[in-house]
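Per-entry structural report
In case you want the letters, here they are:
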Amino acid sequence: LLGLPIPYANIGGLVPALLPKPRYSRQSSPSDPSKTDEGTLHIATALALNAAQVWRYLHEYSKSSRDLPSDQLKELKELLDSATIVYRDALSYSQMVTESESNLNGESGNYQDSTAFRQACGLFKLFLAQSTDLGKRVWTQFNEAGMMMGIGIMALAWVLVVPLWTRDVREEIVRIFSANHALINVQIESTKEIAASPGKEAHDAKTLMQSWQHLHRIEVAAAVLLMTFQCAILTFSNSYIEHEREVVTFSLSVLSLLILRRWYFAQSASVESPVYLPVLVAICSRLNDVFVTGHGLDPSIRLHPAHHSFAFMTSLVLLVYIRLQWIGDRSTQPRYSFGITSTPISEITDVFAMFCLALTWWEKRSRDHSRNGYIIARAAIGFFFVGMVHSIFCILRDKNQSGGNVGNRSATRVKNTKLALFRGMMLLVMVTGPSCSSTAVLVLLQCASICKIMESFGSKVVDAPVMAALWRLAIRSAFFGTNHHCSFNRLQYSAAFIATDSFHFVIAGSSLFFNTFGWEMIGSTLVLVLSRTTGRSTVWSWFRFYQWTEMLASCISVSVMKRHLMVWAIFAPRFMFAAVFTGFCLFLCFVEEIFDVINPFLK
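What comes next concerns the included structure.

From N to C terminus, the protein includes 20 helices and zero strands. Within the protein, the fraction of its 603 residues that count as buried is 47%. If you take every contact in the protein between residues at least 6 apart in sequence, the share linking residues at least 24 apart comes to 75%.

The following block contains the structure:
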């Protein structure tokens, strides 16, 4: 389209043998070898343009970087100038001879000096070959010293976040893997029924406790093994990375079934949590994978059942019910309620925002392209942002409040934090599409189940390594379940145009970033809040350790696979996603430390 025989942005050397010849070309004359066909001129012109493009790139690159040696650039410039002079002389001589023959014979011709044009072609090829050698020496090498330094820093950070440095973690590990039966006797004596039982019943109870101890060890070993594979081994294989979604779903199912097995045997001794909760975690993930599709796609496509009006309207009604019953201020709350305090105005704002969201998707499904739903989408975004501001205000107000019970104020602050996470999830639903509303319902059920599992005690308590692995796999399951992947070509660019048909860098970039990493941000924050409020801070320590293990393994894998064919398509994007995940985890750790410093002053 631009009149060039090669792409405008090309910086490589073309192959003359593959260049198509002109449609109308005069064949060479055997009696006059100096007169050749027009293909030679065409090749020389293409090589001249190719050399000019390469030199322009090298020249502009040298202005902002000193990677290219100045003496070699000078030699390349001299070689290009000499080739250009030969090419121009050949064109001038051919034009002069053609005009003179035309004046003598009265016939129009097209004389071409084959020798001169071939000489110009040789000089241009020499320039391109030397440019290629220079580019390979400068751009195809890796800063291996910098890589080793980065891996060393990552390894040092990984050692510092190992949970075994914490006393509570060491005591928990000793309790799980210790062969000393005194720990079991202590657990038996703490139970009134067992303490008052005869010798045979006490012996049976002791045997049962030993079986539970064995199941605890199996759970911890399975969690560590699965996390080692998912966080470390997986990053060294492009096939594993491509099928990471299946790996996460399988690992989540295995852990859930192991917990279910132990809870089933412990059901007669403790009834504080229903036995079906672990399997509900795996079922929600599997249902989302199988039945909910079309994430990140416009509703007007009409190719996915989750985009149907009945599907997303039903899901939004369920989300409204969850907001009012599970995440609302009620005197009588359900058994699995999040228990979040809110005001009627706050509830009305959230319900109206979800109503606007339903109207937006309804408009976008219309066959009338003039009805795009942009105005209603902006209204929904506005309501969600008002709700977020309200949540932040309530959190800060609770921190600055001096009266009342400290425990009650802390619980209220946690409830408002969870409400803010719910509103953030609704923003994520909006930038993802109608399919995400069904996913959000399943994710909320999954999170409610894991919250109850985390709050279990007695014989049904789940150890911190297993609990952290369960949270991590559930968060990644939501990430992959919304059609995301650790690859650049799977980014959902439609998130940048949910409320406008024009591109605005800040708004579009923020929407795309939140669409891609929103589940990790919301899930990691929820894990941190629950770990601190339930008195199980070791869960966050293990969760953080798993994330740093993934970061270190990704850094090593991308360094080892730097010459791999798929490094830029698979390994480098996987490293980038791990870096973003770890960066947000590091941000939460920083916030946690700041809160620990200022919390005594707030009290």
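Let's shift gears to the side chain of S487. As for its position among the elements, S487 is in the loop between α17 (464–481) and α18 (505–533). Looking at S487, the relative accessible area reads 8%, which means it is buried. Polar contacts involving the side chain of S487 include one to the side chain of N489, which spans 2.5 Å. Excluding residues that lie within four positions of it along the chain, S487 makes contacts with A569, P573 and F577.

Take the pattern of salt bridges next. If you walk through the whole model with that rule in mind, you get 15 salt bridges. Across the pair D350 and R323 runs a salt bridge, and its minimum N-O distance is 2.6 Å. Of the two residues, D350 sits in helix α13 (residues 344–364) while R323 sits in helix α12 (residues 309–326), which places them 27 residues apart along the sequence. Side by side, D350 and R323 carry an identical accessibility label, which is buried. Note that R532 and E592 form a salt bridge whose closest N and O atoms lie 3.3 Å from each other. Placement of the pair is R532 in helix α18 and E592 in helix α20 (residues 567–602), with a sequence separation of 60 residues. Overall, the relative accessible area of 14% leaves E592 in the buried class. Residues joined in a network through salt bridges with shared partners are E244, R472, R476, E520, E550 and R574.

We now examine the packing of aromatic side chains. On inspection of all chains with the given rule, the structure shows 21 aromatic pairs. Ring geometry for Y87 against F117: centres 6.3 Å apart, planes inclined by 65 degrees, an arrangement best described as edge-to-face. Residue Y87 is found in helix α2 (residues 70–105), and its partner F117 is found in helix α3 (residues 114–139); the two are separated by 30 residues along the sequence. The exposure classification of Y87 matches that of F117, with both residues buried. For the ring pair Y87 and F124, a centre distance of 6.1 Å and an interplane angle of 70 degrees mean the geometry is edge-to-face. With Y87 in helix α2 and F124 in helix α3, this residue pair connects regions lying 37 residues apart in the sequence. As far as burial versus exposure is concerned, Y87 and F124 are alike and both buried. Among the aromatic residues, those joined into a ring-pair cluster are F479, F480, F513, F517, F577 and F581.

Where nonpolar side chains cluster on the molecular surface, the patch consists of F587, F590, V591, I594, V597 and I598 and spans about 540 Å² of accessible area. For F587, the location among the structural elements is in helix α20. Overall, F587 belongs to the partly exposed group, its relative accessible area being 46%.

Here we take up the environment of W361. Following the sequence through the fold, W361 ends up in helix α13. Residue class for W361 comes out buried when judged on its relative accessible area of 2%. For W361 and N372, which are eleven residues apart along the polypeptide, the C-alpha to C-alpha distance reads 8.8 Å. Setting aside anything within four residues of it in sequence, one finds W361 in contact with P299, F312, L316, V429, M430, G433, P434 and S437.

Take the packing of helix α4 (residues 144–160) against helix α19 (residues 537–560) next. Interhelical geometry of α4 versus α19 gives an angle of 165 degrees and a closest axis separation of 10 Å. Relative to α19, α4 is oriented roughly antiparallel. Considering how the two elements wind past one another, α4 and α19 form a crossing that is left-handed. Mapping the contact onto sequence places M147, I151, M154, A155, A157 and W158 in α4 and F545, W548, T549, M551, L552, C555, I556 and S559 in α19. When its residues are assigned to classes, the contact of α4 with α19 shows twelve nonpolar, two polar and no charged.

Quick look at the nonpolar core now. L255, L319, M425, M426, M467 and W471 are the most contacted members of the largest nonpolar core, which has 97 residues in total. Here this core gets 13 residues from one element, more than from any other, and that element is α17. The contact partners of W471, leaving out residues within four places of it in the chain, are C447, I450, C451, M454, L526, V527, L530, V539 and F543. If you look at the next biggest cluster of nonpolar residues, it comprises 27 residues, including L79, V86, A116 and F127.

With respect to the helices and strands, the residue S309 is situated in helix α12. Once the C-alpha coordinates of S309 and R365 are considered, the two residues, 56 residues apart in sequence, prove to be 8.3 Å apart. A polar side-chain atom of S309 sits 3.4 Å from a polar atom in the side chain of R365.

Between its terminal C-alpha atoms helix α11 (residues 277–291) stretches 21 Å, which fits the 21 Å expected from 15 residues at 1.5 Å a residue. Taken together, the buried positions of α11 are L277, P278, V281, A282, C284, S285, N288 and D289. The buried residues of α11 all sit within an arc of 165 degrees when viewed along its axis, so they share a single face. At its buried positions, α11 is contacted by α10 (244–265), α16 (435–454) and α17.

Cut-off values and rules
- Residues numbered from 1 in each chain as written.
- Predicted model: local features only at pLDDT ≥ 70, side-chain atom pairs only at ≥ 80, totals over all residues.
- Heavy atoms only, no water.
- Helix = DSSP H or I, 4+ residues; strand = E, 2+ residues; numbered from the N terminus.
- Buried < 20%, exposed > 50% of the residue type's maximum accessible area, 1.4 Å probe, protein only.
- Contact = heavy atoms within 4.5 Å.
- Polar contact = N/O pair within 3.5 Å; in protein donor to acceptor, adjacent residues only side chain to side chain.
- Salt bridge = Lys/Arg side-chain N within 4 Å of Asp/Glu carboxyl O.
- Phe/Tyr/Trp six-rings, centres within 6.5 Å; stacked < 30°, edge-to-face > 60°.
- Patch = residues over 30% accessible without salt bridge, like charges linked within 9 Å, V, L, I, M, F, W, Y side chains within 5 Å.
- Areas by Shrake-Rupley, 256 points an atom, 1.4 Å probe, with all protein chains shown as cover.
- Axes fitted to C-alpha atoms, helices over the stretch in contact; angles between N-to-C directions.
- Parallel < 35°, antiparallel > 145°, perpendicular 65-115°, else oblique.
- Left-handed = near helix turned anticlockwise from the far one by under 90°.
- Nonpolar A, V, L, I, M, F, W, Y, C, P; charged D, E, K, R; others polar.
- Core = buried A, V, L, I, M, F, W, Y, C linked by side-chain atoms within 4.5 Å.
- Expected span 1.5 Å × (residues − 1).
- Arc of directions from axis to C-beta.

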